[in-house]
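These are the residues of each chain, in order.
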Amino acid sequence: MLDSKSYERLGLGAICQKVLEGRRLDREDGERLFACPDVVAVGSLAHQVRTRLHGDTAYYVINQHINYSNICVNGCRFCAFHRKKDEEGAFQLSEADVVQKLKEREHLPLTEVHIVGGCHPDLPFSYFEGILGKVKEFRPQAYLKAFTAVEIAHFARNEGISTQEVLLRLKAAGLDMMPGGGAEIFSPRIRSLLCPEKLSGESWLNIMREAHRMGIKTNATMLYGHVETVGERLEHLMALRELQDETGGFVCFIPLPFQKSNNQVQGVAGSTGVEDLKNMAVSRLMLDNIPHLKAYWVMLTVKLAQVALYFGADDFDGTIVEEKIGHMAGAESEQALTRAGLERIIREGGFQPVERNCFFERVHIANG
Ligand code: V47
């Protein structure tokens with residue numbers, strides 16, 4: 001922490017007081033934090049909260065990402081991953097392909113398999129149930145974190161059933177948790193510019209509410225650093241905070257800095273390192289009821305993600321193995337990290353690495 005005079009001088013005196021007393025920040029506080037030129041001052045407040053919640057622990061997970069298809073009816077302008085059905089580069093994995101991907105990493109002690117894809121026009125719902133079943137069969141010890149709220153709405157529409165029924169059937173097929181993707185920025189202004197075909201922000205929140213009420217925990221994301229305003233970021237964070245007050249179902253928040261290659265968002269420079277760190281810190285400070293904050297190294301780069309552990313983040317995500325969504329959009333990070341690599345980065349950052357599962361329960365490593 002800086003001395004109180006420094007916070008006063010930066011116009012953060014009242015906010016510092018609230019943080020120390022564990023009181024909730026309002027939108028005006030968020031605006032003041034974003035406007036503060038001293039990223040270290042903002043970060044020090046977030047670090048105070050992070051340390052209160054998690055001490056010097058930094059979590060990681062041994063996981064594998066599997067994208068079952070990039071064929072998508074939505075065509076979001078920021079996305080470099082999606083393809084139309086007959087377009088070059090379009091792919092769709094069979095159950096056998098999914099199992100093959102798992103087999104290739106059989107040696108990894110996975111606790112999480114993260115499965116997402118595009119909104120495919122005509123794959124039957126039984127395909128998704130089938131994939132979950134196969135992954136569970138091959139990896140009975142791993143939790144399945146699969147399908148964003150956007151995919152859930154899409155399955156329901158295609159199949160002519162309710163989103164509740166979709167969730168119930170996926171749960172029966174082995175779904176343990178849902179990832180936080182597809183949230184983008186809830187602002188209707190931004191959605192009409194960047195992803196007009198996609199589920200609205202309000203509907204994304206409604207599906208998460210439904211999942212939480214059914215006992216399905218989820219994560220949440222925010223895509224930033226494109227054409228959104230700071231006010232729109234704050235509205236997004238506060239909408240998540242409000243739903244979390246109601247359901248308590250969000251486990252981890254993941255800010256996703258926009259990657260600018262190979263997509264249709266033109267003339268946007270992307271976020272800078274300081275902006276990424278400030279965004280991380282403000283997220284930690286505003287989201288006082290979401291326990292975990294992920295420094296997603298794929299989008300941030302490994303080096304900045306390491307620094308972000310001092311700006312509010314307590315999680316480093318994991319091994320990942322094969323990542324497509326960020327890398328197809330120009331992410332410069334590695335494709336995968338090893339346990340040793342993750343632990344080294346965390347330790348050299350001055351934190352204690354702790355392996356977790358998708359619910360942030362500690363994993364006890366045999367003979368470890
Ligand atoms: O939903 C798409 C975003 C998300 C770009 O829940 C982009 O544990 C940046 O949600 N630049 C997928 N981002 C990633 C995601 C995620 C990752 C890791 C863990 C979890 C979790 C969730 O990536 C998409 C979309 O919001 N995205 N294009 C882009 N150009």
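Residues numbered from 1 in each chain as written. Predicted model: local features only at pLDDT ≥ 70, side-chain atom pairs only at ≥ 80, totals over all residues. Heavy atoms only, no water.

Draft legend 1. Broad picture of the overall build of the chain. Within the chain, the regular secondary structure consists of 16 helices and ten strands. Against the 2.2 N^0.38 benchmark of 21 Å for 368 residues, the chain shows a C-alpha radius of gyration of 20 Å, consistent with a compact globule. Projected onto its principal axes, the C-alpha coordinates of the chain cover approximately 60 × 55 × 40 Å. Taken over 368 residues, the chain has a buried fraction of 60%. Excluding contacts between residues fewer than 6 apart, the proportion of contacts in the chain whose partners are at least 24 apart in sequence is 75%. (Helix = DSSP H or I, 4+ residues; strand = E, 2+ residues; numbered from the N terminus. Rg over C-alpha atoms; globule rule 2.2 N^0.38 Å. Buried < 20%, exposed > 50% of the residue type's maximum accessible area, 1.4 Å probe, protein only. Contact = heavy atoms within 4.5 Å.)

Draft legend 2. Main features of the site of the ligand. Around the ligand lies a shell of 24 residues, among which Phe-78, Lys-145, Gly-180, Glu-184 and Gln-259 are the nearest. At 2.9 Å from an oxygen atom of the ligand is found a main-chain nitrogen or oxygen belonging to Gly-182. Between Gln-259 and the ligand, the recorded distance is 2.8 Å, taken from a backbone N or O atom to a nitrogen atom. Taking 610 Å² as the accessible area of the ligand by itself, protein coverage stands at 95%. Structurally, the ligand is housed in the largest cavity. Among the secondary structure elements, those contributing two or more residues to the shell around the ligand are β6 (217–224) and β7 (250–257). Across the shell around the ligand, the residue classes break down as twelve nonpolar, eight polar and four charged. (Near = heavy atom within 4 Å. Polar contact = N/O pair within 3.5 Å; in protein donor to acceptor, adjacent residues only side chain to side chain. Areas by Shrake-Rupley, 256 points an atom, 1.4 Å probe, with all protein chains shown as cover. 1 Å grid on protein atoms, 1.4 Å probe; cavity = no way out; pocket = protein on both sides within 12 Å on 5 of 7 lines; lining within 4 Å. Sits in = over half its atoms within 2 Å of the grid points. Nonpolar A, V, L, I, M, F, W, Y, C, P; charged D, E, K, R; others polar.)

Draft legend 3. Main features of empty space enclosed by the protein. Taken as a whole and judged by the stated rule, the model has four cavities of 30 Å³ or more. In this model, the largest cavity occupies a volume close to 810 Å³. Along the walls of the largest cavity sit 45 residues, with Gly-181, Gly-182, Glu-184, Leu-256 and Ile-325 positioned nearest its centre. Counting only elements with at least two residues in the lining of the largest cavity, the list comes to β2 (63–67), β3 (112–116), α7 (149–159), β6, β7 and α15 (325–328). A breakdown of the residues in the lining of the largest cavity according to their chemical character gives 19 nonpolar, 17 polar and nine charged. Lining the second largest cavity, in full, are His-120, Leu-123, Pro-124, Phe-125, Phe-128, His-154, Phe-155, Asn-158 and Glu-159. When contributions to the lining of the second largest cavity are tallied by element, the ones reaching two or more residues are α6 (125–138) and α7. The element contributing the most residues to the lining of the second largest cavity is α7, with four residues. (Points joined across faces, edges and corners; volume = space filled by probe spheres on them.)

Draft legend 4. Focus on unusual backbone geometry. Within the chain, Glu-184 stands out as a residue other than glycine whose phi angle is a positive 50°. The topology assignment puts Glu-184 in the loop between β5 (177–178) and α9 (188–194). A positive phi angle, near 65°, is found at Ile-320, a position not held by glycine. Owing to a relative accessible area of 0%, Ile-320 belongs among the buried residues under this scheme.

Draft legend 5. Up close: the sheet that holds strand β9 (residues 315–318). With respect to topology, three strands assemble into an open sheet ordered β9-β1-β10, the strand pairing being parallel. The sheet is open, and its two edges are formed by β9 and β10 (352–355), each paired on a single side. Within the sheet, the average angular offset between the axes of one strand and its neighbour, ignoring direction, is 25°. Taken together, the four bridges between strand β1 (residues 57–61) and β10 define a ladder with parallel strand orientation. Looking at the pairing, Ala-58 lines up with Pro-353 of β10. This element, helix α16 (residues 339–348), spans β1, β9 and β10 of the sheet and lies at about 165° to β1. (Pairing = 2+ DSSP bridges. Axes fitted to C-alpha atoms, helices over the stretch in contact; angles between N-to-C directions.)

Draft legend 6. Molecular detail of the packing of helix α11 (residues 230–247) against helix α12 (residues 273–286). The contact between α11 and α12 brings their axes to 10 Å, and the two run at 35°. For the pair α11 and α12, the crossing hand works out as right-handed. For the pair formed by α11 and α12, the contact residues are Arg-233, Leu-234, Leu-237, Met-238 and Arg-241 on the first element and Glu-275, Asn-279, Val-282, Ser-283 and Met-286 on the second. A breakdown of the residues in the contact of α11 with α12 according to their chemical character gives five nonpolar, two polar and three charged. (Left-handed = near helix turned anticlockwise from the far one by under 90°.)

Draft legend 7. Just the pairing of β6, in detail. Of all eight residues in β6, seven are buried, a share of seventy percent or more. Bridge count between β5 and β6: two bridges; the pairing is parallel. Counted as the bridge partner of Met-178 is Thr-218 from β6. Inspection of the sheet shows β6 paired to β7 by six bridges, in the parallel sense.

Draft legend 8. Fine view of the layout of surface pockets. The calculated volume of the largest pocket comes to roughly 320 Å³. If you go around the largest pocket, you meet 20 residues; those closest to its centre are Phe-258, Gln-259, Ser-271, Met-299 and Glu-332. Only α12 and α13 (297–300) provide two or more residues apiece to the lining of the largest pocket. Considered class by class, the residues forming the lining of the largest pocket number nine nonpolar, eight polar and three charged.

Draft legend 9. How the structure looks around α12. Under the 1.5 Å per step criterion, the end-to-end length of α12 is 20 Å for 14 residues, consistent within 8% with the ideal 20 Å. Taking burial as the measure, the 14 residues of α12 include eleven buried ones, the bulk of the element. Along α12, the positions that sit buried rather than exposed are Asp-276, Leu-277, Lys-278, Asn-279, Met-280, Ala-281, Val-282, Ser-283, Arg-284, Leu-285 and Met-286. (Expected span 1.5 Å × (residues − 1).)

Nothing here speaks to function; it is geometry throughout.
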